[in-house]
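# Coordinates in review
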Amino acid sequence: MSGLGKRRAADVERIQAMAAASKGQLALTGTGRDNDSLQFTLRLPTAGSADYPRTVQAETRFEVNLPPRYPFDAPTAKMRGTPILHPNVFESGVICVGSRWQPSEGLDIYVRRLAQLLCFDPMLVNLRSIAHAHAGNWYDRARRKHPEAFPTASITWPLPGEKVLRTCPGCQARLRLPAGRQGVVSCPRCQHEFELQT
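Residues numbered from 1 in each chain as written. Predicted model: local features only at pLDDT ≥ 70, side-chain atom pairs only at ≥ 80, totals over all residues. Heavy atoms only, no water.

### Some details on the layout of surface pockets
Space inside the second largest pocket adds up to approximately 160 Å³. Surrounding the second largest pocket, Ala50, Asp51, Tyr52, Pro53, Arg54, Trp138, Arg141, Ala142, Lys145 and His146 form its lining. Broken down by class, the residue content of the lining of the second largest pocket amounts to five nonpolar, one polar and four charged. (1 Å grid on protein atoms, 1.4 Å probe; cavity = no way out; pocket = protein on both sides within 12 Å on 5 of 7 lines; lining within 4 Å. Points joined across faces, edges and corners; volume = space filled by probe spheres on them. Nonpolar A, V, L, I, M, F, W, Y, C, P; charged D, E, K, R; others polar.)

Right, dumping it as structure tokens:
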């Protein structure tokens, strides 16, 4: 297997771990030959039409395509069979991620960012670079009228290897712990044991 093939395989493994950590909110539903395309189902509320938030789309499908020279060339993403009304998604279904691709960035980070974008994360929705004018106007009006409806969901699943900081209730020490875990923690500073979910 070539170096590029190994990178693709490692990326798919990290995505599978992230999908498992999402507890069903994200599913890798298929891969193309040589992992050149990855199909996903996002099981979080999104806006399938201008009827949102009255009508919520519970499931959204999208795919990520990897060019032959990936990771040196950027991946692309598009919708797969489910409509979405989003200012950063072209009418053709191509998703405008809007960030510069770095070859050192993991594909799992890219896919998580796509999920956050499709759920209207305010840090990622870019109204200065509209891909769909009607959707941009709708989003601006809907956000003002229903501010509680945006983002449509919060992505809380951790990336593989991600760490979080938690405070020991015994001595107030800051502990760096693996994300997405649950159990009893023993503070290395004071030996206080406490139940925690990260």
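### Quick notes on the nonpolar core
Leu42, Phe62, Val64, Ile95, Leu107, Val111 and Trp138 are the most contacted members of the largest nonpolar core, which has 42 residues in total. At the level of secondary structure, the elements contributing two or more residues to this core comprise helix 1 (3-21), strand 2 (37-42), strand 3 (60-65), strand 4 (76-79), helix 2 (107-118) and helix 3 (133-145). At seven residues, helix 2 tops the list of elements feeding residues into this core. Those residues in contact with Val111, other than ones at most four positions away along the chain, are Ile15, Met18, Leu26, Phe40, Phe62 and Val64. The next biggest cluster of nonpolar side chains, apart from the first, holds eight residues, and it includes Ala173, Val185, Phe194 and Leu196. (Core = buried A, V, L, I, M, F, W, Y, C linked by side-chain atoms within 4.5 Å. Buried < 20%, exposed > 50% of the residue type's maximum accessible area, 1.4 Å probe, protein only. Helix = DSSP H or I, 4+ residues; strand = E, 2+ residues; numbered from the N terminus. Contact = heavy atoms within 4.5 Å.)

### With respect to unusual backbone geometry
Residue Tyr70 is joined to Pro71 through a cis peptide bond whose omega torsion reads 15°. Within the secondary structure, Pro71 is located in the loop between strand 3 and strand 4. With omega at -5°, the peptide bond leading from Phe150 into Pro151 counts as cis. Mapped onto the fold, Pro151 is located in the loop between helix 3 and strand 6 (163-167). You will see that Asn35, though not glycine, has its phi angle at about 55°, which is positive. Among the secondary structure elements, Asn35 is positioned in the loop between strand 1 (26-31) and strand 2. Even without being a glycine, Phe120 presents a positive backbone phi close to 65°.

### A closer look at the pattern of salt bridges
It is possible for side chains of opposite charge to pair when their charged atoms get near one another. Scanning the model with the defined rule gives 13 salt bridges in all. Put simply, Arg143 and Asp140 hold a salt bridge, and the shortest N to O gap is 3.0 Å. Of the two residues, Arg143 and Asp140 are both situated in helix 3; the distance of three residues between them amounts to about one turn of the helix. Taking relative accessible area as the criterion, Arg143 reaches 32% and is therefore assigned partly exposed. (Salt bridge = Lys/Arg side-chain N within 4 Å of Asp/Glu carboxyl O.)

### What about helix 1?
At 3.6 residues per turn, the α-helix brings residues three or four places apart onto the same side. If you check helix 1, its first and last C-alpha atoms are 27 Å apart, about what 19 residues at 1.5 Å a residue would give, namely 27 Å. Along helix 1, the residues classified as buried are Arg7, Arg8, Asp11, Val12, Ile15, Met18 and Ala19. Looking straight down helix 1, one finds its buried side chains confined to an arc of 135°; they lie on one side. Facing away from the buried surface of helix 1 by more than 90 degrees, the exposed residues are Gly3, Lys6, Glu13 and Ala20. If you follow the buried residues of helix 1, they end up packed against strand 1, strand 2 and helix 2. (Expected span 1.5 Å × (residues − 1). Arc of directions from axis to C-beta.)

### Regarding the packing of aromatic side chains
What the rule picks out here adds up to nine aromatic pairs. Between Tyr52 and Phe150 the ring centres are 5.4 Å apart and the planes differ by 65°, which places this aromatic pair in the edge-to-face class. One end of the pair, Tyr52, is in the loop between strand 2 and strand 3; the other, Phe150, is in the loop between helix 3 and strand 6, with 98 residues separating them in the sequence. The burial state of Tyr52 is the same as that of Phe150; both residues are buried. A centroid spacing of 5.8 Å and a plane angle of 90° characterise the contact between Trp101 and Tyr110, whose relative ring orientation is edge-to-face. Its relative accessible area of 12% is what places Trp101 among the buried residues. The class for Tyr110 is buried, based on a relative accessible area of 4%. Put simply, the rings of Tyr52, Phe120, Trp138, Tyr139 and Phe150 touch in pairs and so form one group of aromatic residues. (Phe/Tyr/Trp six-rings, centres within 6.5 Å; stacked < 30°, edge-to-face > 60°.)

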